[in-house]
Amino acid sequence: MPDKPSLVIANNFHADTIAKLDARYETHHLWRLSGSGRRKLIAELDGRCEAAASASWVCDELVYELSSLRVLSCFGVGVDGINFERAGEAGIAVTNTPDVLDDAVADIAIALILATTRDIVNADRFVRAGGWREGPFPFGMGLAGRALGVLGLGRIGSAVVRRAEPLGLRFAYHNRRAKADVAFPCYDSPRELAQHSDILLNVLPGGAETHGIVDLEVLAALGPEGILINVGRGSSVNESALVQALRRGLIAGAGLDVYANEPQVPAELLTMDNVVLLPHIGSATRETRAAMGQLVIDNLDSWFQSGKLLTEVSGN
Ligand code: NAP
Ligand code: 8YV
């Protein structure tokens, strides 16, 4: 690359990656501008800027108006923040960061499974408050022989299963298409999966197709001893149904890393002792975020050097 190609940074996503992009490219930070400055930048870059970088969960819609744009390299695997209709119409290819975050997100899913079934957060509070001196802590739920139902058995869901095998769990899943190489049962609907699960793990992507898929019927099918874990997207769980199910004892508890309207968490959940709440930290290790950032950069470098993308993604 003799001259630095120009690159639009649509959103603020990961400071270290943005600093590396600043060093490699002639960067233009759309997210730092407001008012007419934003449109002015897009007009100035039109015809000479072919690439943009963005978060995957949100992207400034103005980038689709840059008619010379050909590639949008996104930080994150869940691309529910990308408008694929507009990108497709404008001839923009989109990339994301699959695989490199599977281990970190799967670790958090296991942490939530253990935290909810063994009541880890309350047990810690119990010791700190001196409750142990008054008597023993209530028993938890054992994992061996229990059924883990994976809603969305893809890269992350499979990484959770690999971790959960030594814990003695049994498995089932629901995807739109059954996988030929998976030996455990695939149920036809989220409700049937929930009916056959002690723990229901949601790893579905966001978007219109999965919106509210975990509803009151699914939660009721999970049953009064059932636990819901969500490390996919908050939008696929109907949060008011979840609050209702927890309040009415239709399920026993929940462990959540993601919410429908982050960083807002439904106020009722904040008051419930049988819910473990994390602030969307599935991929939040230093190593994983660096690997995600490197893939954003590698996609751009590869495109400028050879016209090829490493991890192109479509919207479905
Ligand atoms: P993936 O490999 O594409 O897996 C998603 C799975 O969901 C696929 O097996 C797919 O199978 C299934 N699926 C998709 N749409 C469905 C539908 N409408 N009904 C039933 N099944 C459906 O994706 P991944 O890399 O595992 O990531 C999954 C999601 O995790 C991301 O999209 C993101 O939202 C979330 N995530 C969260 C964090 C976090 O920090 N908590 C971090 C990374 C990712 P079929 O195509 O056969 O249906
Ligand atoms: C986010 C995620 O990218 O990749 C995804 O889909 O949800 C996460 O890895 C992360 O939360 C960035 O803030």
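For the structure given in this document, a descriptive report is provided here. In this text the structure is predicted, and so the values were computed from the model without any measurement.

**Re the packing of aromatic side chains**
Okay, step 1: A full pass over the atoms with the stated rule returns 6 aromatic pairs.
Okay, step 2: With centroids separated by 5.6 Å and ring planes inclined at 50°, the aromatic side chains of Phe-171 and Phe-184 adopt a geometry described as tilted. Placement of the pair is Phe-171 in strand E7 (residues 170–174) and Phe-184 in the loop between E7 and helix H7 (190–195), with a sequence separation of 13 residues.
Okay, step 3: A residue is classified by how much of its surface remains accessible, and Phe-171, at 12% relative accessible area, is buried.

**Some remarks on the sheet that holds strand E8 (residues 199–202)**
Okay, step 1: Across the sheet, 6 strands lie side by side as E7-E6-E8-E9-E10-E11; this open sheet has parallel pairing. The sheet terminates laterally at E7 and strand E11 (275–277), the two strands that pair on one side only. In this sheet, adjacent strand axes meet at a mean angle of 15° when their direction is disregarded.
Okay, step 2: Most of the contacts of helix H9 (residues 239–247) go to strand E10 (residues 253–256), to which it runs at about 145°, and overall it touches strand E9 (227–230), E10 and E11.

**A look at the site of ligand 1**
Okay, step 1: In the neighbourhood of ligand 1, 26 residues make up the surrounding shell, with Arg-155, Ile-156, Arg-176, Arg-177 and Asp-257 lying closest.
Okay, step 2: Between ligand 1 and Leu-153 there is a distance of 3.0 Å, counted from an oxygen atom to a backbone nitrogen or oxygen.
Okay, step 3: One of the side-chain nitrogen or oxygen atoms of Arg-233 is found 3.2 Å away from an oxygen atom of ligand 1.
Okay, step 4: Coverage of ligand 1 by the protein chains reaches 88% of its 920 Å² of free accessible surface.
Okay, step 5: Residues that form the shell around ligand 1 fall into these classes: 10 nonpolar, 10 polar and 6 charged.

**Quick word on unusual backbone geometry**
Okay, step 1: Pro-263 follows Glu-262 through a cis peptide bond whose omega is 5°.
Okay, step 2: Tracing the backbone shows Pro-263 in the loop between E10 and helix H10 (267–270).
Okay, step 3: We note that Asp-99 has phi near 70°; this positive angle belongs to a residue other than glycine.
Okay, step 4: In this fold, Asp-99 is placed in the loop between strand E5 (93–95) and helix H4 (102–117).

**Here we look at the pairing of E9**
Along any regular strand the residues' side chains alternate between the sheet's two faces.
Okay, step 1: In E9, alternate side chains face the same way, and those of Ile-227 and Ile-229 on one face and Leu-228 and Asn-230 on the other are all buried.
Okay, step 2: Judged from the 4 bridges that link them, E8 and E9 form a sheet pairing that is parallel. When the sheet's bridge partners are listed, Leu-200 is paired in E9 with Leu-228.
Okay, step 3: Where E9 and E10 come together, 4 bridges link them in parallel fashion. By the bridge assignment for E10, Asn-230 is matched with Leu-256.
Okay, step 4: Taken together, E9, H9 and E10 form a β-α-β motif whose crossover is right-handed.

Cut-offs and rules
- Residues numbered from 1 in each chain as written.
- Chains lettered and ligands numbered in written order.
- Predicted model: local features only at pLDDT ≥ 70, side-chain atom pairs only at ≥ 80, totals over all residues.
- Heavy atoms only, no water.
- Phe/Tyr/Trp six-rings, centres within 6.5 Å; stacked < 30°, edge-to-face > 60°.
- Helix = DSSP H or I, 4+ residues; strand = E, 2+ residues; numbered from the N terminus.
- Buried < 20%, exposed > 50% of the residue type's maximum accessible area, 1.4 Å probe, protein only.
- Pairing = 2+ DSSP bridges.
- Axes fitted to C-alpha atoms, helices over the stretch in contact; angles between N-to-C directions.
- Contact = heavy atoms within 4.5 Å.
- Near = heavy atom within 4 Å.
- Polar contact = N/O pair within 3.5 Å; in protein donor to acceptor, adjacent residues only side chain to side chain.
- Areas by Shrake-Rupley, 256 points an atom, 1.4 Å probe, with all protein chains shown as cover.
- Nonpolar A, V, L, I, M, F, W, Y, C, P; charged D, E, K, R; others polar.
- Right-handed = clockwise from strand over helix to strand, strands pointing away.

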